[in-house]
Amino acid sequence: MFIPTILIISFVVFFIMQLPKGDYVSSYIARMQAEGEVFTQEDIAALRAQYGLDKNWVMRYFDWVFKIITKGDFGYSFAYGRPVWSVIMDRLGITIAVSLTIMAFTYLVSIPIGIYSALHQYSPGDYIFTAIGFLGMATPNFLLAIILMYLSFTWTGDPLLGLFSNEMLQEGIHLYNFGEFLQRMIIPTIVIGTAGTCGVIRTVRAQMLDELSRQYALTARAKGVSEATIVYKYCLRAALNPVASGLAGSLSSIFSGSTISAIVMNLSIQGPVLYEALKTQDTYLAGTILMTQAVLVVIGTLLSDILLAWLDPRIRFERKRS
Amino acid sequence: MEEKKIENDGKDIVLDVRDLRINIEMDEGTLTAVRGVNFSIKKGETLGLVGESGCGKSLTSKAILGINEKKCKTTGQIVFDTDGRGMVDLLSLSPKGKEIRQVRGKQISMVFQEPMVAFSPLYTIGNQINECTRLHITKDRKKSREISLEMMKKVGIANAEKRYDQYPHEFSGGMLQRALIAMALVCNPKLLIADEPTTALDVTIQAQILELMKELQKDLNMAILFITHDLGTVAAMCDRVAVMYLGKIVEIAPVKDIYAAPAHPYTQGLIGSVHKIGTKKEERLFSIEGTVPLALNLPPGCGFYERCGKRIEGVCNVKEPELTELSDGHAVACHLCGGCQGCAFGANSGEEAKKDAE
Ligand SMILES: Nc1ncnc2c1ncn2[C@@H]1O[C@H](COP(=O)(O)OP(=O)(O)OP(=O)(O)O)[C@@H](O)[C@H]1O
Ligand SMILES: [Mg+2]
């Protein structure tokens, strides 16, 4: 399942990439011409040949896949003038770190709030969380980013732009400036995390309310089980089901969906690179990033399936039968 | 009247419900779902609670365990003969507190109507039965497992060792109901509340489950509050019957008397409809004309007034009849029958009632 899925995705990605008119060379020439350079037809053809763009896209696709499989070579980024993989590796570590932090933040904050809201339905706390939740969902991320950076600037004199300070960029991340790095993670985490947080809160709250009103909760209460056991042993486990199946989506959306916020906050993660690559028709780079994401979605789905099977024996049972 | 009874043979009484009222606040107003219910159950006795859908049977039974939703405002007294602490008003205990939790499942337990949804799908049957054993009997894993297994065998679950580790979705409805009964009885309770325990099951399985309950009752010497729609099963199961209508008990009597001399027009209707042979089950259950009104802004007078074939205008829609004793253990709340002791519904008692009201 795993490999065909990824092959199909990569093919579709490649197909879509070549749909817009032109290619990297034509957009490159357009830029150069705007700056007053003159190109002859031969120059253009030579450039195309040099980048391998003179062949048709299906050929190029198979070339590309072949090289990935045989040599682990993901092609060449026109814009960076370097192999695609090295461009990606620049940011892969940090992107994964940021994504995981944001995911952890999302779930660690929203699941307890969701439980609280369900257990104290229509209490002031529930209303406050609901209000904040909707506000957070309705506010565009980039706007929230700007507001938070402004607040940070007025309070501390530093907008905390980017994940690294200038010194960090020169000296690299060490133990002594790790604290600062964490500080710089705060705003991005809040900005990118809140969007998902609100959704998860709503889901957990609704699910918990639903589960708490189920007959089995009443049965448990009738046999003298404490409220805490009812909530945590029975209801929560059932309520987390849809959250677990949403895991795959959130993994990839955090990876790519936060491009605008990342640009606004000058985060050196993958999103903005993909955005640039798509704009300049840097085919192999864009293709590879999209494919990494596809792989992540597949991995996420796998993880969430495992989690679901662990949470719900009925799913295990169906698997065994089929 | 109830008070006196307790003084007379207080030793035998397991549960005494006094003036139980349950109001539910809703957007449309206050729903007076249970309106002053009185009954008591003796050791080893089976009391049937019968009535149409929505008359408040389940609310009453859940109130005994204190497991109604918060919005159900409950007043009155639910006096239970607890282990060790004597007579305790369960209503005075905090519904989430430790005391009531030691009553639930151990001294009073409950079997629900739909076994299919009564278990959590996420844990094995054994886990869920054993939870009860471990809460109330022993923390020792091995011992409690043995006790649970023994009870599973006792309720007729074949292959109990294997079944213990299976999930609810691997059980049939009848087997689940057996498991639910095992869970209810594993701590040897004094009182079992069975809320329509067989309604969701096939007819043949219904009979088996009822038989099982009777056997176990004898073995364990417990009292049963048996809730049902079906007067047929009442005859087979119960010692006494309380007939409920619109949140009130309208008639309460030993089983024999209810069938031989039903005093309330509603009870008469119920019994009449049971005896019509050859009709389909659905129709047979309740073929009294009209429907139960919703207990919102009830008019004064008898709750059954609108549907009653024997109503007396100017009496029944003015004053609500009280539960009055007709003969030993047989009481009825009806203007037609009240006042004339020992009379099993006479045709001219209506006139007397009218005089009374004036
Ligand atoms: N949680 C609730 N919220 C609002 N109304 C309720 C609630 N529970 C019960 N009621 C109402 O209270 C009345 C009595 O309900 P109850 O469940 O006790 O009926 P019942 O006699 O058990 O009926 P059935 O035979 O259908 O089980 C009904 O009119 C019902 O609509
Ligand atoms: Mg009911």
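Right above here is the structure, for reference.
Scoring rules and cut-offs
- Residues numbered from 1 in each chain as written.
- Chains lettered and ligands numbered in written order.
- Predicted model: local features only at pLDDT ≥ 70, side-chain atom pairs only at ≥ 80, totals over all residues.
- Heavy atoms only, no water.
- Helix = DSSP H or I, 4+ residues; strand = E, 2+ residues; numbered from the N terminus.
- Buried < 20%, exposed > 50% of the residue type's maximum accessible area, 1.4 Å probe, protein only.
- Contact = heavy atoms within 4.5 Å.
- Areas by Shrake-Rupley, 256 points an atom, 1.4 Å probe, with all protein chains shown as cover.
- Pairing = 2+ DSSP bridges.
- Near = heavy atom within 4 Å.
- Polar contact = N/O pair within 3.5 Å; in protein donor to acceptor, adjacent residues only side chain to side chain.
- Nonpolar A, V, L, I, M, F, W, Y, C, P; charged D, E, K, R; others polar.

K.L.:
I'm lost on the overall build of chain B in this one. Help?
P.N.:
The secondary structure content of chain B amounts to 14 helices and 12 strands. Out of the 358 residues belonging to chain B, those deemed buried represent 53%. Once local pairs closer than 6 in sequence are excluded, the contacts in chain B between residues at least 24 apart make up 64%. Summed over its atoms, the accessible surface of chain B is roughly 16,200 Å², and 49% of this surface lies on carbon and sulfur atoms.

K.L.:
Any chance you could explain the pairing of strand β4 (residues 72-82) of chain B here in plain terms?
P.N.:
For a regular strand, side-chain orientation follows a simple rule: the groups alternate between the two sheet faces. All names here are of chain B. Pairing of strand β1 (residues 13-26) with β4 involves 8 bridges; the strand directions are antiparallel. Pairing of Leu15 across the sheet is with Phe80, part of β4. Here β4 pairs with strand β5 (residues 86-89) via 4 bridges, running antiparallel. Directly across from Phe80, in β5, lies its bridge partner Val88. Counting the residues between successive antiparallel strands, the hairpin from β4 to β5 contains 3 residues, one of them, Gly84, with a positive phi of roughly 90 degrees.

K.L.:
Just checking my understanding: could you explain the pairing of strand β6 (residues 108-111) of chain B for this structure?
P.N.:
Residue and element names in this part refer to chain B. Residues Ile108 and Met110 of β6 are buried on one face, and the alternating residues Ser109 and Val111, pointing to the opposite face, are buried as well. Summarising the sheet, β6 and strand β7 (residues 191-195) pair through 4 bridges and their orientation is parallel. Of the residues in β7, the one forming a bridge with Val111 is Ala194.

K.L.:
Looking at this model, I keep getting lost on the site of ligand 1. Mind explaining?
P.N.:
Residues and elements named next belong to chain B. Taken together, 17 residues sit near ligand 1, with Ser53, Gly54, Ser58, Leu59 and Glu69 positioned nearest. Gly54 has a polar backbone atom sitting 2.8 Å from an oxygen atom of ligand 1. Between ligand 1 and Leu59 there is a distance of 2.8 Å, counted from an oxygen atom to a backbone nitrogen or oxygen. Burial of ligand 1 by the protein amounts to 74% of the accessible area it has alone, namely 630 Å². Those elements that place two or more of their residues in the shell around ligand 1 are β1, β2 (29-42) and α2 (57-65). Broken down by element, the shell around ligand 1 gets its largest block of residues, 3 residues, from α2. Looking at the shell around ligand 1 residue by residue, the class counts come to 7 nonpolar, 5 polar and 5 charged.

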